[in-house]
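Results of the structural survey
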Amino acid sequence: MEDRARVLILYHSGSGSTKMVAELYDMSLKGYAVHMSLADSSFDYKRLEEYDFIILGFPTYHAAPSESMIDFIHAAPRLAAKKKCFAFTTCGLYSGNALRIFVKLCEAKNLYICGSVEYRGPASDGALLLPAFPFMFRYQKNIADKIKADTDQIKRLIHEDSCEIRIPKFKLSSIINYPNKTLGKRYKHRLKVIEQYCSKCKKCITHCMRKCWSM
């Protein structure tokens, strides 16, 4: 596959961490024909066939892929041939088996995830359930080196002839997390903006796929 391989980065982002990682991937994959797109209802699924490699990113909510990303994959048609892909997720505390669940969903659509990774950073999962601890608004210390290593892996995958799906191992620790996951899904309260972290850019209103925000 030539250097100008066509790469599509498809992502859903909640608090913006997933989008930031997607943008860093875009910057790191110079030399390829990279396009970025939101994974939303306006996406033309026919475009999936146009690319040599697809990167899929989503936030983890309650130890599972975000509902918006799950809906997006469910609505996708099954591709005529296997398509090589890479997946990443962002989480504030714990991703559980989110990547494992996602890889299996994608397999049914002939989107073969050949590699996957998680990143810890500012997220809208734990921040909704816990007090505003400072560490929940920071990225993991080694995230720059981690993204560099992961994009190097993506470059190798792009040029490999094989298309082997890699399903992450089941995390037994997710069983311990089950009560927290169940209670978290049931916990409801009014969303609010933490004023000291708000830049008043209104991007949360403009880009929310589910139209949850208003002035």
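In what follows, the structure referred to is the one given above.
First things first, this report covers the structure right here in the doc.

Reading the values: rules and limits
Residues numbered from 1 in each chain as written. Predicted model: local features only at pLDDT ≥ 70, side-chain atom pairs only at ≥ 80, totals over all residues. Heavy atoms only, no water. Axes fitted to C-alpha atoms, helices over the stretch in contact; angles between N-to-C directions. Helix = DSSP H or I, 4+ residues; strand = E, 2+ residues; numbered from the N terminus. Parallel < 35°, antiparallel > 145°, perpendicular 65-115°, else oblique. Left-handed = near helix turned anticlockwise from the far one by under 90°. Contact = heavy atoms within 4.5 Å. Nonpolar A, V, L, I, M, F, W, Y, C, P; charged D, E, K, R; others polar. Buried < 20%, exposed > 50% of the residue type's maximum accessible area, 1.4 Å probe, protein only. Phe/Tyr/Trp six-rings, centres within 6.5 Å; stacked < 30°, edge-to-face > 60°. Polar contact = N/O pair within 3.5 Å; in protein donor to acceptor, adjacent residues only side chain to side chain.

Remarks on the packing of helix H2 (residues 67-75) against helix H3 (residues 98-107)
- Across the interface, H2 lies against H3 with an axial gap of 9 Å and an inter-helix angle of 20°. With respect to H3, the axis of H2 lies roughly parallel. The chirality of how H2 crosses H3 is left-handed. From H2, Met69, Ile70, Ile73 and His74 reach across to H3, where they touch Phe102, Leu105 and Cys106.
- Of the residues contributing to the contact of H2 with H3, the split by class is 6 nonpolar, 1 polar and no charged.

Topic: unusual backbone geometry
- A positive phi angle, near 60°, is found at Ala63, a position not held by glycine.
- Given the relative accessible area of 9%, Ala63 is considered buried.
- Even without being glycine, Lys200 reaches a positive phi, approximately 60°.
- With respect to the helices and strands, the residue Lys200 is situated in the loop between helix H7 (178-186) and helix H8 (203-207).

A word on the packing of aromatic side chains
- All told, the structure shown has 8 aromatic pairs when counted by the stated rule.
- Judged by centre distance (5.9 Å) and plane angle (80°), the ring pair of Phe43 and Tyr45 falls under edge-to-face.
- On the basis of relative accessibility, which here comes to 18%, the residue Tyr45 falls in the buried class.
- Relative to Tyr119, the ring of Phe88 lies with its centre 6.1 Å away and its plane at 65°, an arrangement referred to as edge-to-face. Taken as a pair, Phe88 in strand S5 (residues 83-91) and Tyr119 in strand S6 (residues 111-120) lie far apart in primary sequence, 31 residues in all.
- Feature note: the residues Tyr25, Phe86, Phe88 and Tyr119 constitute an aromatic cluster, connected by ring pairs.

What about the side chain of Ser13?
- In this fold, Ser13 is placed in the loop between strand S1 (6-11) and helix H1 (17-28).
- In this structure the side chain of Ser13 is engaged in a polar contact, spanning 3.2 Å, whose partner is the backbone nitrogen of Gly16.
- Of note is the side chain of Ser13, whose polar atom sits 3.2 Å from the backbone nitrogen of Lys19.

A few points about the environment of Cys163
- Along the chain, Cys163 falls in the loop between helix H5 (143-159) and helix H6 (173-176).
- With relative accessibility at 24%, the residue Cys163 sits in the partly exposed group.
- Measuring from C-alpha to C-alpha, the distance between Cys163 and Lys82 comes to 7.4 Å, with 81 residues separating the pair along the chain.

Quick notes on the packing of H1 against H5
- Packing of H1 against H5 leaves a shortest axis separation of 10 Å and a crossing angle of 60°. Taken together, the axes of H1 and H5 lie oblique to each other. Here H1 and H5 pass one another in a crossing that is right-handed. Across from Val21, Leu24, Tyr25 and Ser28 in H1, the residues of H5 making contact are Ile147, Asp150, Thr151, Ile154 and Lys155.
- Among the residues making up the contact of H1 with H5, the classes are represented as 5 nonpolar, 2 polar and 2 charged.

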